[in-house]
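Commentary on secondary and tertiary structure
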Amino acid sequence: MSERATSVFAFLDELIVALPVPSNHRELLQVHFRQTDSWQRPETAAVQLPLLVHEAITGDEKPALPVAAACTLLYLGADLFDSLLDQELLPSWHARGAAEANLAAATLLAALPQLSIARLQEKGTPPAKLWALARLFADTLLTMSAGQYEDLLSPNLENVSLEDSRAMVERKSGSAGALLARAGAVLASEEPFTIEAYAAFGSCFGIARQLVNDVWGIWGEDTSQDLLNGKRTLPIVHALSTLRGEQRERLQKLLAAARESAEHHDEIRAFLAATGSVRYTALIVWLYQQQARNHLAAASPQEPSGRELRMLLDQASLLPQPKQAQPSG
Amino acid sequence: MEEIRLEALKGLTILAIHDDQFRRGVMTDLDSTLRRYGYDLTGPEMERLRDAHRQIAGMSDEDLARELSERQQRVRVLSEEEGRILAPGEYVSAAWH
């Protein structure tokens, strides 16, 4: 797993070093991924999926390295924007400030993925395929932006339904997951059925992962950044949909107060636990995980990449993992 | 274990999101809720669903959150170990050039 991440990040380093920009600008673009600890690197998705899907179709992952790098850049840019919005900038940005982080995020997201894809020309990838990949990144970015906008608006909305919450996750994270898998498949194949099967796998995988992250966002630390930011993630929307009368009003008041301090975060967690919101989210995650499994089976991946993809999918779960993870399916 | 058909999974997801009665029923009484909604899953499909349901219903929200927390911690420790063991990749020159 780490070898793939190392290879992609080495490619990114080389891509940025070759950019025709002043050295201090290069350093700015390297801040976000150089300071990220290895365990925080997007090893399980942006790095892995494009490479594994390409290998699952052709038997070789190496030609997809620029595509995996482009996906990783998109992830890093979106992650940096998320950190800015949620006021969670990592310490290495503190000396530089939000304006520089904004500039780096925009460049990582919009310019560098295209330059990474352009490297495919060196290996003779036809212009039509390069254009298809560039268009795919633009379409996905647009959908992710729409989902992010809904996410921004949601804390101030009176009523967010479970469907609103699900649709937001699908736009924000399902589209990103679909891109990661589809990009590898587009490079590897001309077959629409295969490409769509992998894209559907990626979408369901992305949704399942995001829902797991949403639970982590509430229970991961004593002070929940998601509660401070007033996020209306699925567990919260479920609790609000389940409670009635005074209890619902109480939770709404607590959610409003939780934006000011962490004092009420434990009480909110108790409310969510009493309504079974984590168990409900676990069920939805499982359903998406099973859908992803079906789409992957339909794509008929070559082994051992298929096994690795199933292992990645096994991790997108709220249920206990087997002690010794065995490939499933 | 046999996969559950995609259409059934999609239908169950839609009901779990949109239908309040289904949402409540499926957590407390899986079999009769599925019957009431006219689901006709095969034996192996039903067994797969029951297996997941048993795991979910058999844990509290706190247990699930604790399990997730422990798993994240394990991933972190493992990745830090790998980070120390693996040398920086010279993969690019080998793989790409």
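Residues numbered from 1 in each chain as written. Chains lettered and ligands numbered in written order. Predicted model: local features only at pLDDT ≥ 70, side-chain atom pairs only at ≥ 80, totals over all residues.

1. What about the overall build of chain B?
Looking only at helices and strands, chain B has six helices and zero strands in total. Ordered by position in the sequence, the α and β elements of chain B form the string α-α-α-α-α-α. Burial analysis of chain B (97 residues in total) assigns 16% to the buried set. (Helix = DSSP H or I, 4+ residues; strand = E, 2+ residues; numbered from the N terminus. Buried ≥ 20, exposed ≤ 12 C-beta atoms within 10 Å, placed from the backbone.)

2. A short note on the overall build of chain A
A tally of helices and strands in chain A yields 15 helices and zero strands. Taken over C-alpha atoms, the radius of gyration comes to 20 Å for chain A, in line with the 20 Å a tight globule of 329 residues would show. Summarising its shape, the C-alpha atoms of chain A cover approximately 65 × 50 × 35 Å along the three principal directions. Among the 329 residues that make up chain A, the fraction classed as buried is 51%. Of the contacts formed within chain A by residues at least 6 apart in sequence, a portion of 73% connects residues at least 24 apart. (Rg over C-alpha atoms; globule rule 2.2 N^0.38 Å. Contact = placed C-beta atoms within 7 Å.)

3. Description of the environment of V26 of chain B
Residues and elements named next belong to chain B. As for its placement among the helices and strands, V26 is situated in helix α2 (residues 20-28). Given 24 C-beta atoms within 10 Å, V26 falls into the buried group. It is 8.7 Å that separates the C-alpha atoms of V26 and H53, two residues lying 27 residues apart in sequence.

4. Remarks on the environment of T281 of chain A
Residue and element names in this part refer to chain A. Residue placement: T281 occurs in helix α14 (residues 277-299). Under the C-beta neighbour-count criterion, T281 is labelled buried, with 25 such atoms within 10 Å. Sequence separation between T281 and H238 is 43 residues, and the spatial gap between their C-alpha atoms is 8.4 Å. Sequence-distant contacts of T281, defined by excluding residues within four places in its chain, comprise L211, V215, L234, P235, H238 and L318.

5. Some details on the packing of α14 of chain A against helix α1 (residues 6-18) of chain B
Running from amino to carboxyl end, α14 of chain A crosses α1 of chain B at an angle of 155°, the nearest separation of the two axes being 10 Å. In terms of their interaxial angle, α14 of chain A and α1 of chain B are classed as roughly antiparallel. Pair α14 of chain A / α1 of chain B crosses with left-handed handedness. In contact with L283, I284, L287, Q290, Q291 and N294 of chain A of α14 of chain A, α1 of chain B contributes L6, L9, K10, L12, T13 and A16 of chain B. Split into classes, the residues belonging to the contact of α14 of chain A with α1 of chain B amount to seven nonpolar, four polar and one charged. (Axes fitted to C-alpha atoms, helices over the stretch in contact; angles between N-to-C directions. Parallel < 35°, antiparallel > 145°, perpendicular 65-115°, else oblique. Left-handed = near helix turned anticlockwise from the far one by under 90°. Nonpolar A, V, L, I, M, F, W, Y, C, P; charged D, E, K, R; others polar.)

6. Some remarks on the nonpolar core
Residue and element names in this part refer to chain A. Ranked by size, the top nonpolar core spans 113 residues in total, and within it C71, F201, A208 and V285 carry the most contacts. Considering every element that reaches this core, the biggest residue donor is helix α9 (residues 192-219), with 15 residues. Those residues in contact with C71, other than ones at most four positions away along the chain, are A46, P50, L179, L180 and A183. (Core = buried A, V, L, I, M, F, W, Y, C linked by C-beta atoms within 7 Å.)

7. Looking at the packing of helix α4 (residues 65-85) of chain A against helix α7 (residues 127-153) of chain A
All names here are of chain A. At a closest axis distance of 12 Å, the pairing of α4 and α7 adopts a crossing angle of 20°. Classified by the angle between their axes, α4 and α7 sit roughly parallel to one another. The hand of the α4/α7 crossing is right-handed. Of the residues in α7, those in contact with V67, A70, L74, A78 and L85 of α4 are L133, F137, M144 and L152. A class-by-class count of the residues in the contact of α4 with α7 yields nine nonpolar, no polar and no charged.

8. Looking at the confidence of the model for chain B
Residues and elements named next belong to chain B. With 73% of its residues at a pLDDT of 70 or more, chain B has an overall mean of 79. Averaged pLDDT values for the elements of chain B fall to 42 in helix α6 (residues 91-95) and rise to 94 in α1. Within the model, pLDDT remains below 50 along residues 80-97, and this stretch shows 26 contacts once partners closer than five positions in the same chain are excluded. Scored by ipTM, the complex comes to 0.85, with pTM at 0.89. (pLDDT = per-residue confidence, 0-100.)

9. Notes on the environment of N24 of chain A
All names here are of chain A. Within the secondary structure, N24 sits in helix α2 (residues 23-34). The exposed category is assigned to N24, around which 7 C-beta atoms lie within 10 Å. When the C-alpha positions of N24 and L112 are compared, they lie 16 Å apart, and in sequence the two are 88 residues distant.

10. Let's talk about helix α12 (residues 245-258) of chain A
Residues and elements named next belong to chain A. Over its 14 residues, α12 extends 20 Å from the first C-alpha to the last, a length consistent with the 20 Å expected when each residue adds 1.5 Å. Considered for burial, the residues of α12 that qualify are L251, L255 and A258. Looking down the long axis of α12, one finds its buried residues gathered within 65° of arc, a one-sided arrangement. Seen from the open side of α12, the exposed residues pointing more than 90 degrees away from its buried face are G245, E246, E249, K253 and A256. As for α12, its buried residues are in contact with α10 (225-228), α11 (234-242) and α13 (265-274). (Expected span 1.5 Å × (residues − 1). Arc of directions from axis to C-beta.)

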